[in-house]
Amino acid sequence: MASVFFDYNLNIPSTSYPIAFDWNLRYPIIAVSTKESNGSSLVGRVAIYDHMGDILDECNEEHDVVANSLSWHPSRKILASGWEDGRINLRNLSEGENNELSHYHKTDISILAWHEVIATGISFLISIDKNSLVILWRVDARGIAAGNPRSQCSLREIGSISQCVVRPVSSIGHDMIALAKAAITGDDFIMEMFTPWNRKPHSFHPEAFSFYVASQEGELIHINERAEIMRVFDTKMFGAGGILKLMYSKSRDILVLVTVSLTVYTFSINRDNTLKEIDSLRLPGKGSESDVSWAGDHHIAIVCGESFVRMLNIEKFTHFNLILDSSLGISTGQQITSVTYVKSTGVLACGNNKGLVLLWRYQPLHDSSEDELCWLSEPSLQHEGIVRHLYGGELPIMLAVTESGSCRIFEQQPMCAVYRSEMALVQISSNQLSLDVFSSARHHDIQTPIHIRGLALSKTNFAAWDGREIVTYEMDNDQLSVSRLDAFSCSSTINAMHEQTLFTVEETKINSRNMQGVVKQVLVISENLGKPLALDVAGNYLAVGTSEGFLLIYNLAKREAKAEKPPKDLHHNLPKFGEIISIKIAPSGKTISVISNDENCCPSTKLIVWESELDVLALYDMFSDPEEEESSQDSEFEIKDNNSATREIYGRYPSSHYWCEEDSRLLVCELRYVPNSITKLDDDTSILDKILKSPAPQANKEAEVLIATFFIDIPTLPILVFNDSFPLETSVSRLIGFDAPYFYFISKKISLKPKESSGDGLFALSDDVVRRLPMKDFIGLKDVDGATKKALLDFSFYIAYSNMEEAFKSIRLIKNTKVWENMCRMCVKTGSLEIARVCLGHMRAGRASYAVRTAASQHQAALLAVQLGMVDVAEKMLKSSRNYDILNELYQTLGYWDKAVDVAETHDQIHLKLTYYNYAKHLENNGDLSRAIEFFERAGTYIHDVPRLYIDTPTTLKSYVDSKNEKDLLKWWAQYLESKQDFEGALDYYEKSSDRVALVRVNWFLGNFQKAVDLCSEDPILRAGDDESSKEAHERKAGCFYLAQQFESKFSNSNNTKDFQSAINFYMKAEAYSNALKLCKDNNDYEQLRNVASLGTMKDKLDAAKFFEDCQDEDAIEYAVEMYSMAGQAMKVAELTKGDNKTSIMDNIVENMDENTTAAQMKEVAEFFEQTGLYEKAVNLFIKAKDYDSAMRLCEEKQAINLTEEMAERLSPDKSTDARTRNSILRRIANICVQQQQFTLAYKKFQQAGDMQQGFKALLKSGDVDLIYKTAKLSRKAELMIDAANYFKTLAWNEVESILMKIIELYQKAKAFDLLALFYVSCSELEMDEYYAYEKAFDALKEAEKELEKSLKTSKDPARSERAQREIEYRLLAIQRFMDNDLTLPDKDSVVQMTNNLLNLIEDPSYMGYPRKRDVFARLLANYMKLEQDGKAMQCLEKIYEIDGSVKCLRRLFDDSENDVWEKVNLLVESVCTRSGSNHKIKQYTIGANVSNEINNDYDHLSEDEDELDEEIDD
């Protein structure tokens, strides 16, 4: 019993009869329309009443007609009333204004409905009269309508309209979750709604809405704000009858329609406002006198004058019945006549024909999917007569109207209760109190003259109030008697008591009153702090929480209250703080705990603690999962979470909290699940993000409500540390106080029957009203003295803060073993195993201590918990540590088999079958054979266990075998029948089990020889990869073997050759060749022995060959050679064979080798080939036998063997071989290839061995330019590219342009700039020495200079590079000087000057051979000829010949394009010799014709290559 109901009579005049009612959705006021007849006159009234049934006089309204329809504005105190004459009045209670709309209606107003546009403050009123005229009125915020209607339409043709529901089309009314899902799936229309820059004008029109109306005949019409109508459904088409109720779910955006035949339709609404049927259901019963109501978001309640309530879940579209609870004293056979739902409390109320209002409360259960289990019966309410109508609303108020017109208001309120100083004062009815005094074990029942809305309690007094009056009471010193002191008027509903002082909140001040109501002191709260919202008194301190989020502390130790600390502003210090709900102050007066709302007016999941001494706030978030996110910390907050414990309570919010009255370190909280509607969202998140936000984490599902205790370390820092938690017992409803070592709870079921008096007017203390339960640390301890209690609390405190030294100190003087046991339990919960072992020693629990010592370290805590009987704790530990195998074992040991099976199936599948088997054995021992068989089957042991269970009942066992129809079971049953000599039955079941061997055996035993032979003669159809067909073949072989044995036995007895042949044939079919060989050898049948051996294994062949060899018969020797040859025994064949036949026989052996030939046999033949000089055959066989060492040895020793690429590949081991061994073999193969000058193959093997350097060296020897270039380039290794370029330099690179280009490219890619520069220098030398081309030589040196500049950046020897650079600069300068003077000039003076320059060039002491002297003398010769100095010209000619051995260099004096250049050279020579008088030397210096032609051709060819090279260099 968590709440009580107050009942008030609605004070309607006795001469009046109620016609219509409507509750305001936000304010506790109700509008009532009545009629009063005075003879022929009629008076209709509309009056407003408060929640206590008292009329508000200033709101009366009277006419000479009756108002049949009333409707409150959704958010304002504006009442619309529709009268019989068509008049519509709007009454604004806030402004005191009454407005009448234009008289457009001429008949009775039957329906009024509102639609509010929150964004604009404009509202629309829909009015419908008996003639089905529908009018829309536009109403402003003051309740004044425009003169003319917004729109109107007539629906006279569809009949009388009985229902109307409004559906907003703006963003308010949309099912945002459905829209978001549609947007994600790509609905363009919906995406426009979420796209502000692309939103169409009509998407969210601020005043757009629509509504649906239903006629009594069954037609459903859609009307928009422009009064445009559209027919959307007609029940007559389906024969469902007229419409009883039309309802709209705003959260789901669906319509629900209930017909008089109790057919329920649910429709989704399309974008064009047409309907799409979701589902329909026909309920039994008749709906002519039915009442229908919502019962939450997804339930509908229907009553039809029966003794139960029909409930329909529109989400699952399932239905069930709520049955009257006879345990609440409700007799059967009552008829339920009316129904309503109170949304704020989740209560479904139903009126019946006996004047009772029956109650059910919806309580969602996390561990149940059954809807009916979530509706809990509550005690019923009493009325008079038949309850014909019930009216409920958003607030916890409802009105019950009887058939006679008697009206009663029932107001639901949480039960008031307060605990103080071992006294509990609890409200048990609207005006009855229960006082329990635990110190003296006394109980008092107090009847108050008021409806109790609040209580306050001190050691000697208590007070009750109802918002109008306060009644005070006094107790004597021993709480033996209770007497009423006084009663005085006071409207305060927020009060607190300290000793004999009552603090009452009145406006913005707190009055301090005595027990007679006299004000002693006024505590004024300044306006900037806000109005007081919450008070709490503990010790000598008063705590105040205000509407602006301020906390205040007053010291009450002296005569007048005095402010203790400056106010604390929570709004300023806490982000997203909303409003204070509840505050509690610790008895020390230093610490206040606060429960609050967040900025969205949802219950906050954070508990706030303010430590006033240090002025520090602490937060403890009950919502966040400690394993997923750490607690957020701000600069002003000190927060500490015990993460291993907070895992138990995450996903919840605090609903109540209390400080321990004796120990200010202890705080207890009642924690509940976070409702689905609460989400943690930032203001800047978009609406789509909010919709798609992940739901709140699911909390511990073991209990709906948890009680959690915390420690706070005040002397150091206000750090909250989680201590313990436990689920709220089902027998209690809520926590009301905490005084260590007890928690105090209100019982769920409170008996209101009077107790028997004990004679002195007192009642014995009982658990009927208040139950107190000890803390876990004190369970089993009775009458704990103060020292022990303090020691236990200190121990818990220090353990929670991991202060082991102080924890040991606090318990060293304790002697009670039960106390040590409780402390050991605490250690288990906190994981302090070292202290737990000390506690075990003091408990003298040797077995437990030994078990813990010998257990694995990760299991010690859980095992200790089991030893102490803390099974639930052990279970949690094993789950959190994921030791599911131990948890499974624990469940089995405790007999929790369902849990054990569940754990095995979900987390411990390695032990799944063992768990099934153990459970089956458990069920067998308990006699539950049917379930035992089920789990034997799951365990896979049923083939042996089920026959064992049913061995004494063969009939039952046979039925089970037939029903399972499994081969193993059928075979077992056949063997059982065979043991019972029932051979026919055995054959039948052997046939069913496809056991061919057994069929053969039994048929042979019965004398059915031919049948047995036929069974073995049938060849099974073999399919690749088919286990069934291979099993069949195996059974056939086994059957053949059995028959062969039988025929052999018959032959030994009869010597019948037919039996001998049959035995051999069946041995052959069974592939039992060794048995057949033995039989042939025993009977000296050579031919048969030869045939069998040839089909047998290698061992069989050798066995036969040995037999033939021992026979010393010529034919037998021949057979022996054949068998040895088949077995690959080359040496034996050579030994038994004579002449040249040996080689041919060996070749036949090689040809006959197959996958069954062993490596040893192959090696033996290979050795024979090696001995006979057939080395290639030997190598091939060694390779085939995988004797790579021998194969490579032969290749190394015998040069005549050509190692082909195929042989090399076969010699190469695969990659699964050890890397070191494989690389060694590959290198050895590569070296053999190098020896045999197979350099490309050698490179390949070196590369496979990972030795790229050696491989490339081998590749260079191959001379394959393209492969060398490609390999070096792809390797991207500088050293390889350099080696390749160096190799190319050894080739005729000056004749093949492609090689020249490759050299340059490789040096460049290798970044070997110094080597490339050296190569360009070589090119320069070549141009000068061979082709006399100084221009090209100069260009080559310029390129060398560029490369040297690059090399300077990376050179390891910069000095050497600089010297080379200077050398090149000198050469460039010298060649440039030469080219400047190597010209053909027209005038004599220029020739003389150029001649002198050339002479100075070669006579310079620094001359180093650049340009070449021969070329300088050639130019001098030409100049002297022009100067007619013939002697000097001849000297130059002689110098040229002396230097070069020829005068070819003279060619450069003539144009290369001239055809007969060499003839011109010879003419020049002749002319020089003639003019100098040296005719005898003409023949010596003249160039021959052959030589000139050859030189000319070479020079022309090279000139073309040089031109292309110049282009490449320029690029």
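Reading the values: the criteria
- Counting starts from 1 at the beginning of each chain's written sequence and moves along it residue by residue.
- At least 70 in pLDDT is required for a residue's local features to be given in this predicted model, at least 80 for side-chain atom pairs to be given and counted, and no such filter applies to totals for whole chains, interfaces and linings, which use all residues.
- Values reported for side chains reflect all heavy atoms of the structure, with hydrogen atoms and water molecules removed beforehand.
- Helix numbers and strand numbers start at the N terminus; a helix is a DSSP run of H or I with at least 4 residues, a strand a run of E with at least 2.
- Burial status follows relative accessibility: with a 1.4 Å probe on protein chains alone, a residue under 20% of its type maximum counts as buried, one over 50% as exposed, and anything between as partly exposed.
- Residues count as neighbours in contact if any of their non-hydrogen atoms are within 4.5 Å of one another.
- Accessible surface area values rest on a Shrake-Rupley calculation with a 1.4 Å probe, where residue burial reflects the displayed protein chains alone.
- Nonpolar cores are built from buried Ala, Val, Leu, Ile, Met, Phe, Trp, Tyr and Cys residues. Side-chain atoms within 4.5 Å join them into one set.
- Paired strands, in this sense, are two strands between which DSSP finds at least two bridges.
- All axes are obtained by fitting lines to C-alpha atoms, using only the stretch in contact for helices, and the reported angles, taken between N-to-C directions, cover 0 to 180 degrees.
- Angular relationships are summarised with four words: roughly parallel below 35 degrees, roughly antiparallel beyond 145, roughly perpendicular across 65 to 115, and oblique for the angles in between.
- In a left-handed crossing the near helix is turned counterclockwise from the far helix by less than a right angle, and in a right-handed crossing that turn is clockwise.
- Residues are grouped as follows: nonpolar covers Ala, Val, Leu, Ile, Met, Phe, Trp, Tyr, Cys and Pro; charged covers Asp, Glu, Lys and Arg; every other residue, Gly included, is treated as polar.
- Centres within 6.5 Å are what make two rings of Phe, Tyr or Trp a pair, Trp counting through its six-membered ring; a difference in plane orientation under 30 degrees is then read as stacked, over 60 as edge-to-face, and the rest as tilted.
- By definition here, charges over rings are those cases where NZ of Lys or CZ of Arg is within 6 Å of the ring centre and within 35 degrees of the ring normal.
- Summary of the metric used: pLDDT quantifies the predictor's per-residue confidence within the range 0 to 100.
- Arc, as used here, means the arc of the directions from the helix axis to the C-beta atoms.
- Grouping into patches uses exposed residues only, defined as over 30% relative accessible area, and leaves out salt-bridged ones; the cut-off is 9 Å for like charges and 5 Å for nonpolar side chains (Val, Leu, Ile, Met, Phe, Trp, Tyr).
- Basic side-chain nitrogens of Lys or Arg form a salt bridge, by our definition, when they fall within 4 Å of a carboxyl oxygen of Asp or Glu.
- By definition here, a helix of n residues has an expected span of 1.5 Å times n minus one.

Peer 1: I'd like to hear about the overall build of the chain, residue by residue, with values.
Peer 2: Counting secondary structure elements, the chain contains 49 helices and 61 strands. A burial count over the chain gives 51% of its 1515 residues as buried. Long-range pairs, those at least 24 residues apart, make up 49% of the contacts in the chain with a sequence separation of at least 6. Roughly 71600 Å² of accessible area belongs to the chain as shown, and the carbon and sulfur atoms make up 47% of that amount.

Peer 1: Tell me about the nonpolar core, and please be specific about residues and values.
Peer 2: Counting 71 residues, the largest nonpolar core has Leu1043, Phe1066 and Phe1108 as its most contacted members. Setting aside its immediate chain neighbours within four residues, Leu1043 contacts Val1000, Trp1004, Ala1012, Val1013, Cys1016 and Phe1066. Core analysis: the next-biggest nonpolar cluster, separate from the first, contains 65 residues, Ile1304, Ala1310, Ala1312 and Cys1473 among them.

Peer 1: Describe the pairing of strand 43 (residues 509-513), naming the residues involved and giving the relevant values.
Peer 2: Within strand 43, four of the five residues are buried, which leaves the element mostly enclosed by the surrounding structure. As defined by bridge partners, strand 42 (residues 501-506) adjoins strand 43 across five bridges and the pair is classed as antiparallel. Counterpart to Glu506 in the pairing with strand 43 is Lys509. Between the antiparallel neighbours strand 43 and strand 44 (residues 519-524) lie five residues, among them Gly517 with a positive phi of about 95°.

Peer 1: Can you lay out the packing of helix 19 (residues 967-979) against helix 20 (residues 983-992) for me, pointing to particular residues and giving the numbers?
Peer 2: Running from N to C, helix 19 and helix 20 point in directions that differ by 165°, and their axes come no closer than 8 Å. Accordingly, the angle class assigned to the pair helix 19 and helix 20 is roughly antiparallel. Here the hand of the crossing between helix 19 and helix 20 comes out left-handed. Contacts from Leu970, Lys971, Trp973, Ala974, Gln975, Leu977 and Glu978 of helix 19 reach helix 20 at Phe983, Gly985, Ala986, Tyr989, Tyr990 and Lys992. Here the residues of the contact of helix 19 with helix 20 sort into eight nonpolar, two polar and three charged.

Peer 1: Describe the sheet that holds strand 4 (residues 41-50), listing the residues and the values that go with them.
Peer 2: If you walk across this open sheet you meet the four strands as 2-3-4-5, and the pairing is antiparallel. Strand pairing shows two members of the sheet lacking a second neighbour, strand 2 (16-23) and strand 5 (61-63), which therefore form its edges. Here the strands of the sheet are splayed against their neighbours by 20° on average, with no regard to which way each runs. Pairing analysis gives three bridges linking strand 4 to strand 5, with the strands arranged antiparallel. Bridge pairing in strand 5 places Gly44 opposite His63.

Peer 1: Outline the packing of aromatic side chains, listing residues and values.
Peer 2: Per the stated rule, a full pass over the model turns up 28 aromatic pairs. Where Tyr362 meets Trp375, the ring centres are 4.9 Å apart and the plane angle is 55°; that geometry is what we call tilted. Taken together, the residues span a long stretch of sequence, with Tyr362 in strand 28 (residues 356-362) and Trp375 in strand 29 (residues 375-382) at a distance of 13 residues. Relative accessible area serves as the criterion here: at 24%, Tyr362 is assigned to the partly exposed category. Among the residues examined, Trp375 registers a relative accessible area of 5% and is labelled buried. The ring of Tyr742 has Arg772 lying over it, and the distance from NZ or CZ to the ring centre is 4.2 Å. Taking the ring centre of Tyr989 as reference, the NZ or CZ of Lys992 above it sits at 4.5 Å.

Peer 1: Explain the environment of Leu112 to me, using residue names and the numbers behind them.
Peer 2: Residue position: Leu112 is located in strand 10 (residues 109-117). Classification of Leu112 as buried rests on a relative accessible area of 11%. Separated by 43 residues in the primary sequence, Leu112 and Ser69 place their C-alpha atoms 6.5 Å from one another. In contact with Leu112, not counting residues within four places along its chain, are Ser69, Ser71, Ala80, Ser81, Gly82, Ile88, Leu125, Ile126 and Ser127.

Peer 1: Help me get a handle on the confidence of the model for the chain, residues and values and all.
Peer 2: Summing up the model confidence of the chain, the mean pLDDT is 77 and the portion of residues at 70 or higher is 74%. Overall, residues 189-204 carries pLDDT values under 50, and its contacts beyond four positions in sequence, including any with other chains, amount to 28 contacts.

Peer 1: Which residues make up the side chain of Gln163, and what values go with them?
Peer 2: Take Gln163: it is sitting in strand 14 (residues 161-168). Gln163 sits in the buried class, given a relative accessible area of 15%. Filtering out sequence-adjacent residues up to four positions away, Gln163 remains in contact with Ile111, Tyr212, Val213, Ala214, Ile243, Leu244, Lys245 and Leu246.

Peer 1: Go over unusual backbone geometry with me, naming the residues and quoting the values.
Peer 2: Cis rather than trans, the peptide bond between Ala740 and Pro741 has omega equal to 10°. Residue placement: Pro741 occurs in the loop between strand 58 (732-739) and strand 59 (742-747). Notably, Ala441 is not glycine yet its phi reads approximately 55°, a positive angle. Within the secondary structure, Ala441 is located in the loop between strand 35 (432-437) and strand 36 (442-447).

Peer 1: Give a description of the environment of Lys316 that names residues and reports values.
Peer 2: Looking at where Lys316 falls in the secondary structure, it is placed in the loop between strand 24 (308-313) and strand 25 (318-323). Owing to a relative accessible area of 46%, Lys316 belongs among the partly exposed residues under this scheme. Once the C-alpha coordinates of Lys316 and His299 are considered, the two residues, 17 residues apart in sequence, prove to be 9.8 Å apart.

Peer 1: How would you explain helix 26 (residues 1086-1095) if you had to name every residue and give the values?
Peer 2: Buried within helix 26 are the following residues: Gln1088, Leu1089, Val1092 and Ala1093. Considered in projection along helix 26, the buried side chains sweep an arc of 125° and stay on one side of the axis.

Peer 1: Give me the lowdown on a nonpolar patch on the surface, citing residues and values where you can.
Peer 2: Side chains of Val519, Val522 and Val524 sit close together on the surface and give an oily, nonpolar patch of about 250 Å² of accessible area. Position of Val524 among the secondary structure elements: in strand 44. Residue classification places Val524 among the exposed residues on the basis of a relative accessible area of 64%.

Peer 1: Can you lay out the pattern of salt bridges for me, pointing to particular residues and giving the numbers?
Peer 2: Tallying each qualifying case throughout the model produces 41 salt bridges. Measuring nitrogen to oxygen at the nearest pair gives 3.4 Å for the salt bridge that ties Arg87 to Glu100. Residue Arg87 is located in the loop between strand 7 (78-83) and strand 8 (88-92), and its partner Glu100 is located in strand 9 (residues 97-100); the two are separated by 13 residues in the primary sequence. Residue Glu1343 is joined to Lys1346 by a salt bridge in which the shortest nitrogen-to-oxygen separation is 3.6 Å. Placement of both Glu1343 and Lys1346 in helix 42 (residues 1334-1354) is noted, with a separation of three residues, approximately one turn of the helix. Given the relative accessible area of 11%, Glu1343 is considered buried. The structure contains a network of salt bridges with shared partners spanning Lys921, Glu924, Asp945 and Arg948.

Peer 1: Lay out the sheet that holds strand 9 with the relevant residues and their values.
Peer 2: The sheet built from four strands is open, its strands ordered 6-7-8-9 with antiparallel pairing. Edge positions in the open sheet fall to strand 6 (67-72) and strand 9, since each of these has one partner strand only. Adjacent strand axes in the sheet meet at a mean angle of 20° when their direction is disregarded. Here strand 7 runs beside strand 8; their pairing, made up of five bridges, is antiparallel. What sits directly across from Ala80, in strand 8, is Leu90.

Peer 1: Residues and numbers for helix 44 (residues 1388-1403), please.
Peer 2: Its 16 residues give helix 44 an end-to-end C-alpha distance of 23 Å, which sits within 8% of 22 Å, the value for a rise of 1.5 Å per residue. Those residues of helix 44 that sit buried are Val1391, Met1394, Thr1395, Leu1398, Leu1401 and Ile1402. Looking down the long axis of helix 44, one finds its buried residues gathered within 120° of arc, a one-sided arrangement. With respect to the buried face of helix 44, the exposed residues turned more than 90 degrees away are Asp1389 and Glu1403. Among the structural elements, helix 43 (1358-1381) and helix 45 (1413-1427) are those in contact with the buried residues of helix 44.

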